[in-house]
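# Close look at the chain arrangement
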Amino acid sequence: MNALDELVGMLSDPFMQRALIAAVLVGVTAPVMGTYLVQRKLSLLGDGIGHVALTGVALGWLVGGAMGVVPDDALAIPGAVVAAVIGSVIIEIVRERGRTSGDVALALMFYGGIAGGVLLIGVAGGSSGNLMQYLFGSISSVSPTDLWLTLILGVLILAVGMGLRAALFAVSYDEEFSRASGLPVRALNIAIAVIAALTVTVAMRVVGLLLVSALMIVPVAIAQLVTISFRRTMALAMVIGVVVCVVGLSVTYWQTLSPGATIVVLAIALYAVVAVLRPVLVRRRPRTAHDPHPDIPDDVHVEGGERCSA
Amino acid sequence: MSTSPLTSPDLPRASSVEPPAIEARGVHVRLGSSDILRGVDLTVERGEVVALLGANGSGKSTLVKSLVGIVPLAAGHVRLLGSDLGPRVPWAHLGYVPQRVSAQTGVPSTAEEVVASGLLHGRRIRLPRGWRATAREALDRVGLADRAQSAVHELSGGQQQRVLIARALARSPELLILDEPVAGVDQPSQEAFAATLTELTRGGMTVLVVLHELGALAPLIQRCVVLRHGLVVHDGEPPHATAAHAGPDHEHLHPHGDDAEHGASAGIDMGLIDAPLTHHNPAPARIDRGAAS
């Protein structure tokens, strides 16, 4: 009964209750947008947005201090939301231009975001130590207000990310075809970027800005080891996200570990396990285990009808 | 411009004659510092089957991309199915088949999911009811009904190309625009494609197809438009098979000559890149995404 008592103890702790709710919300929402980012080969976008959000955190702090708001970091999360959304739209515009210098422009934004955050927090009278909880997460200090904001943003992310799945998939899979279908490609692209930005700010409290991207990407990476469809990849990634978030957080109730780092290490360990077990897990699909296209005699057309063997 | 009656955008013309499927006037396309198209006129009437031919770098891929709004026009005017290029085009009636994108490394997706994305167009951004049946039907038309649940990246090149054709057919288009549908495609898929296209054109579909050579499609083609250096140099009867390859200024763009494999030509006509530099790259050079593969 000892283990059960411990469990009940954990679940009756109001801090832990809030933390668990936040962890579930983040575990569900982060992989949704992560699936689109992996599809577009923008796995590091979340990371970049996280850097920019740090400036928003510091800016919120600065504004909050100037306005005399009671907890001086009350505006930190709204600041992060605003900065992340603006940053993501700029990143999307740079990406759309498709210039080779886009890479450099993104790097400028990422590091400008970190440096700006550290500088502004100094101006606001804090130290860079105040930023640590945003960089590495502070799920144990989630307030009821934070939770409501997380809930509202989480619902918005799920509504857009799943409600528009077909269109977001289309534009992520083949942007040119979507354009040739008359779809509002730019609006959809910006929707993905903005929703990804919201995801970053939602996940910020749980795993921290530096590890946000891991929670968006690693569950998807695990899922796609064993799936062959986009829909199932997303669904499985959401399940994995919830499991690693809840398990990782629960571990830190008993062990003094950083929740964010524990969750991410857990996810990566799971990736390693699934990658090793993959041959066993996917064997039940005989068609893909054997020659994937046995009805095709040869891909090389040789004049004279001869076929060369590969 | 002499086409001003055509460019009045607002009034739906009550003429009894259906407007042409494609009506392009003075199309200029500039990418970077190079003029890819330098004033192309092209009209495709309803029910016509037109081949767009030309050497690598002649601008034929860029032309179809500009017709469907992928590549912006520097000058000129395009009307599709009677509407100016833009939101007013009846996108539900237009199917576009791009050149096959080389091996995707993103999230796995099934043939059915890819084909279903063809059911979205214009303001329709959610799948209609019964999308699964419609997608299967389209896959059936290209002979891939049994592959609906296969991951696209596990299919052969020719099968992937057929999936892209099924995606365009899913919405039952009146006008089909295809960009090198048989480049680098295995022989059975080429034959399956020719059979599919024959059936579609019998049903009255308008087709504009970019080809490197007429090949198995020759019996279907009613008219050929040949591009060279961004200009139309021939518009009419299908030219003799080798005519497009015999131009004196052709050799430097096409150093492999006629023995170049179809696969080798697939990479070049992306149109967005300088042709000669990437000619030897057999895989289509996708440069629009910055991330490492």
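It should be noted that the structure appears before, not after, this text.
Residues numbered from 1 in each chain as written. Chains lettered and ligands numbered in written order. Predicted model: local features only at pLDDT ≥ 70, side-chain atom pairs only at ≥ 80, totals over all residues.

## Describing the environment of Asn130(A)
Rule in force here: Helical segments are the DSSP runs of H or I of at least four residues, strand segments are the runs of E of at least two, and each set is numbered from the N terminus. Exposure classes come from backbone-placed C-beta atoms, where a residue is buried if 20 or more other C-beta atoms lie within 10 Å of its own, exposed if 12 or fewer do, and partly exposed in between.
Position of Asn130(A) relative to the elements: it lies in helix H6 (residues 128-136). Residue Asn130(A) is classed as partly exposed on the basis of its 18 C-beta neighbours within 10 Å.

## Section: the packing of helix H2 (residues 14-39) of chain A against helix H10 (residues 185-207) of chain A
All names here are of chain A. Definition in use: Geometry is summarised by axes, namely lines fitted to C-alpha atoms with helices restricted to the contacting stretch, and by angles between N-to-C directions that run from 0 to 180 degrees. For classification purposes, an angle smaller than 35 degrees is called roughly parallel, one larger than 145 roughly antiparallel, one from 65 to 115 roughly perpendicular, and anything else oblique. Crossing handedness is defined as follows: a turn of the near helix away from the far one that is anticlockwise and smaller than a right angle gives a left-handed crossing, while the clockwise case is right-handed. Placing C-beta atoms from the backbone, we regard two residues as in contact once those atoms come within 7 Å.
Between H2 and H10, the shortest axis-to-axis distance is 9 Å and the interhelical angle comes to 150°. The orientation of H2 relative to H10 falls into the category roughly antiparallel. By crossing handedness, the relation of H2 to H10 is classed as left-handed. For the pair H2 and H10, contact is made by Ala22, Ala23, Leu25, Val26, Thr29, Ala30, Met33, Tyr36 and Leu37 and by Ile192, Ile195, Ala196, Thr199, Val202, Ala203, Arg205 and Val206, respectively.

## Regarding the nonpolar core
Where we set the bar: To form a nonpolar core, buried Ala, Val, Leu, Ile, Met, Phe, Trp, Tyr and Cys residues must be joined through C-beta atoms within 7 Å.
Within the largest apolar cluster, 170 residues are counted, with the highest numbers of intra-cluster contacts made by Ala53(A), Leu215(A) and Leu52(B). When residues of this core are assigned to their parent elements, the largest contribution, 15 residues, is made by H10(A). Excluding residues within four positions of it along the chain, Ala53(A) makes contact with Ala80(A), Ala83(A), Ala84(A), Val200(A), Thr201(A), Met204(A) and Leu209(A).

## So, the sheet that holds strand E6 (residues 94-97) of chain B
Residues and elements named next belong to chain B. For clarity, the threshold we go by: Two strands are said to pair when DSSP picks up at least two bridges between them.
Taken together, six strands build an open sheet; the order of strands is E6-E7-E8-E3-E9-E10 and the sheet is mixed. Of all the strands in the sheet, the pair left with one neighbour each is E6 and strand E10 (231-236). Neighbour-to-neighbour, the strand axes of the sheet open up by a mean angle of 15°, direction not taken into account. The sheet contact formed by strand E3 (residues 49-54) and strand E9 (residues 223-228) spans five bridges and is parallel. Among the inter-strand pairings, Gly54 is bridged to a residue of E9, identified as Leu227.

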